[in-house]
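Breakdown of the fold
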Amino acid sequence: MRRLAVLGTVVLCVCAPIAMVYGLVAFTPTAGCEFSVSGACSYGVTPTVVAAGGTALVWAGSVVLTWAGTRGRPRVVVPYAALVLIASLLLAADRVAG
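Note that the structure is a prediction, hence the values are computed from the model and not measured.

The rules behind each value
- Numbering of residues starts from 1 in each chain and follows the order in which that chain's sequence is written.
- Thresholds applied to this predicted model are a pLDDT of at least 70 for local features of residues and 80 or more for the giving and counting of side-chain atom pairs; totals over whole chains, interfaces and linings are not thresholded and use all residues.
- The basis for every side-chain value is the complete set of non-hydrogen atoms in the structure, without hydrogens or water.
- Each helix corresponds to a stretch of at least 4 residues labelled H or I by DSSP, and each strand to a stretch of at least 2 residues labelled E; elements are numbered beginning at the N terminus.
- Each residue gets one of three labels from its accessible area relative to the maximum for its type: buried under 20%, exposed over 50%, partly exposed in between, using a 1.4 Å probe on protein chains only.
- Throughout, a contact is declared for two residues whenever any of their heavy atoms are within 4.5 Å.
- Take the buried residues of types Ala, Val, Leu, Ile, Met, Phe, Trp, Tyr and Cys, join any two whose side-chain atoms come within 4.5 Å, and each joined set is a nonpolar core.
- Axis definition: a line fitted to C-alpha atoms, over the contacting stretch in the case of helices. Angles run 0 to 180 degrees between N-to-C directions.
- Here roughly perpendicular refers to angles of 65 to 115 degrees, roughly parallel to angles under 35, roughly antiparallel to angles over 145, and oblique to all remaining angles.
- In this count, Pro and Cys sit with the nonpolar residues alongside Ala, Val, Leu, Ile, Met, Phe, Trp and Tyr, while Asp, Glu, Lys and Arg are called charged and the others, Gly among them, polar.
- For this analysis, a polar contact is any N or O atom pair within 3.5 Å, provided that within protein one partner can donate a hydrogen and the other can accept it, and provided that sequence-adjacent residues contribute only side-chain to side-chain pairs.
- What a helix is expected to span follows from its residue count: subtract one and scale by 1.5 Å.

A few words on the environment of Tyr80. Its place among the elements puts Tyr80 in helix H3 (residues 77-97). A relative accessible area of 29% places Tyr80 in the partly exposed class. Spatially, the C-alpha atom of Tyr80 lies 8.8 Å from that of Val11, the residues being 69 residues apart in sequence. Once residues within four sequence positions are removed from consideration, Tyr80 is found in contact with Leu4, Leu7 and Gly8.

See the structure below:
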């Protein structure tokens with residue numbers, strides 16, 4: 001079980017920064033938003049905050065929940081649930097921006 005937790009944590013620590021960079025690049029407006037009512041400008045910076053900020057919070061929280069206070073028996077499900085939650089956050093940001 002410990003090996004699955006280590007594998008999940010490694011996969012999470014590889015995928016989460018990629019998702020954060022994607023969230024910043026994909027949902028940050030690149031032009032002025034004065035006359036735009038769709039896309040990344042539709043709700044201000046909400047899609048960027050959901051995608052990048054939410055990913056950072058989920059990443060940090062899941063690593064702590066996986067390993068803190070477990071007395072050698074890590075919580076195996078947490079990193080995999082965090083990966084699903086990060087994917088859900090990216091989809092939610094895409095829906096808000098679209």
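Now that the structure has been shown, the text picks up again.
It is worth spelling out the nonpolar core at this point. In terms of nonpolar packing, the biggest core is built from 12 residues, these being Leu12, Ala16, Ala19, Phe27, Ala51, Val58, Ala82, Ile86, Leu89, Leu90, Ala93 and Ala97. Contributions of two or more residues to this core are made by helix H1 (2-27), helix H2 (46-67) and H3. When residues of this core are assigned to their parent elements, the largest contribution, six residues, is made by H3. Discounting chain neighbours no more than four positions away, the residues touching Ala82 are Leu12, Val58 and Ser62.

Here we take up the packing of H2 against H3. Closest axis-to-axis distance for the H2/H3 pair is 9 Å, and the angle between their directions is 175 degrees. One way to sum up the angle between H2 and H3 is to call them roughly antiparallel. Every residue of H3 that contacts H2 at Thr46, Pro47, Val50, Ala51, Gly54, Thr55, Val58, Ser62, Leu65 and Thr66 is listed here: Val78, Pro79, Ala82, Leu85, Ile86, Leu89, Leu90, Ala93, Val96 and Ala97. Looking at the contact of H2 with H3 residue by residue, the classes come out as 15 nonpolar, five polar and no charged.

Summarising the element assignment, Thr9 is placed in helix H1. The exposure class assigned to Thr9 is buried, which follows from its relative accessible area of 13%. A polar contact is formed between the side chain of Thr9 and the backbone oxygen of Ala5, at a distance of 2.8 Å. Apart from residues lying up to four places away in sequence, Thr9 is in contact with Thr66, Trp67 and Pro79.

Helical periodicity: at 3.6 residues per turn, an α-helix aligns residues three or four positions apart in one direction. Counted at 1.5 Å a residue, the expected span for H1 with its 26 residues is 38 Å, and the 36 Å between its end C-alpha atoms agrees. Among all positions of H1, only Ala5, Gly8, Thr9, Leu12, Ala16, Ala19, Gly23 and Phe27 are buried. Structurally, H1 contributes buried residues whose contacts are with H2 and H3.

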